[in-house]
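The lines below spell out each chain.
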Amino acid sequence: VQLQASGGGLVQAGGSLRLSCAASGLTFSSYVMGWFRRAPGKEREFVAAITWSGGETYYADSVKGRFTISRDNAKNTVYLQMNSLKPEDTAVYYCALRRGYGLVREKYEYDYWGQGTQVTVSS
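So, here's what we can say about the structure. (Residues numbered from 1 in each chain as written. Predicted model: local features only at pLDDT ≥ 70, side-chain atom pairs only at ≥ 80, totals over all residues. Heavy atoms only, no water.)

### What to know about the sheet that holds strand β7 (residues 67-72)
So, point 1. With antiparallel pairing, four strands are arranged side by side in an open sheet as β1-β3-β8-β7. The open sheet terminates on both sides in strands that have one partner only, identified here as β1 (2-6) and β7. Across this sheet, the average inter-strand angle for adjacent strands is 15°, counted without regard to direction.
So, point 2. Sheet topology places strand β3 (residues 17-24) next to strand β8 (residues 77-82); six bridges connect them, and they run antiparallel. Along β8, the bridge assignment pairs Leu 17 with Met 82. (Pairing = 2+ DSSP bridges. Helix = DSSP H or I, 4+ residues; strand = E, 2+ residues; numbered from the N terminus. Axes fitted to C-alpha atoms, helices over the stretch in contact; angles between N-to-C directions.)

Right, dumping it as structure tokens:
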């Protein structure tokens, strides 16, 4: 199983970015997908998750209303649309795949991880 995250970059506060995560090596449409991030000097934290169908989503309070997770099972890809970015959103963003059922925020519940993509928001 491989997860390849992309789309990070440098953006000014208030701007937008869309992250993508392409999966290979498994039946993508069967699994929950999530996004996490790790800011400098901090632990990796949950950002958002989405069910296999895309019918349910779950967000961290810090990004609710600004970020949107979605997926395209035909393209084996999950997205994270990030709007109204803030300097505190600066982090390495990781996509992750969960083989279990349900939307959860704990890192240990996810089985496969992408390599991360850097997002930097300047003030």
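### Description of the state of the cysteines
So, point 1. The final tally for this structure, using the stated rule, is one disulfide.
So, point 2. Here Cys 21 engages in a disulfide with Cys 95; their sulfurs sit 2.0 Å apart. As the torsion about the S-S bond is roughly 60°, the Cys 21-Cys 95 disulfide counts as right-handed. With Cys 21 in strand β3 and Cys 95 in strand β9 (residues 91-98), this residue pair connects regions lying 74 residues apart in the sequence.
So, point 3. What makes Cys 21 buried here is its relative accessible area of 0%. (Disulfide = S-S within 2.5 Å. Buried < 20%, exposed > 50% of the residue type's maximum accessible area, 1.4 Å probe, protein only.)

### Some words on unusual backbone geometry
Apart from glycine, the bulk of residues carry a negative phi angle, and the bulk of peptide bonds sit in the trans form.
So, point 1. If you check the backbone angles, Asn 76 has positive phi at about 55° while not being a glycine.
So, point 2. Positionally, Asn 76 belongs in the loop between β7 and β8.
So, point 3. At Ser 84, a position not held by glycine, the phi torsion is positive, near 50°.
So, point 4. With respect to the helices and strands, Ser 84 occurs in the loop between β8 and β9.

### Re the packing of aromatic side chains
The relative placement of two aromatic rings is captured by the distance of their centres and the angle of their planes.
So, point 1. Summed over all chains, the structure comprises five aromatic pairs.
So, point 2. Summarising the aromatic geometry, the rings of Phe 46 and Tyr 58 are spaced 5.0 Å apart at their centres and angled 35° between planes, so their arrangement reads as tilted. Taken as a pair, Phe 46 in strand β5 (residues 45-50) and Tyr 58 in strand β6 (residues 57-59) lie far apart in primary sequence, 12 residues in all.
So, point 3. Under the relative-accessibility criterion, Phe 46 is labelled buried at 5%.
So, point 4. A residue is classified by how much of its surface remains accessible, and Tyr 58, at 28% relative accessible area, is partly exposed.
So, point 5. In this arrangement the basic side chain of Arg 44 is found over the ring face of Tyr 94, its NZ or CZ atom lying 3.8 Å from the centre. (Phe/Tyr/Trp six-rings, centres within 6.5 Å; stacked < 30°, edge-to-face > 60°. Lys NZ or Arg CZ within 6 Å of the ring centre and 35° of its normal.)

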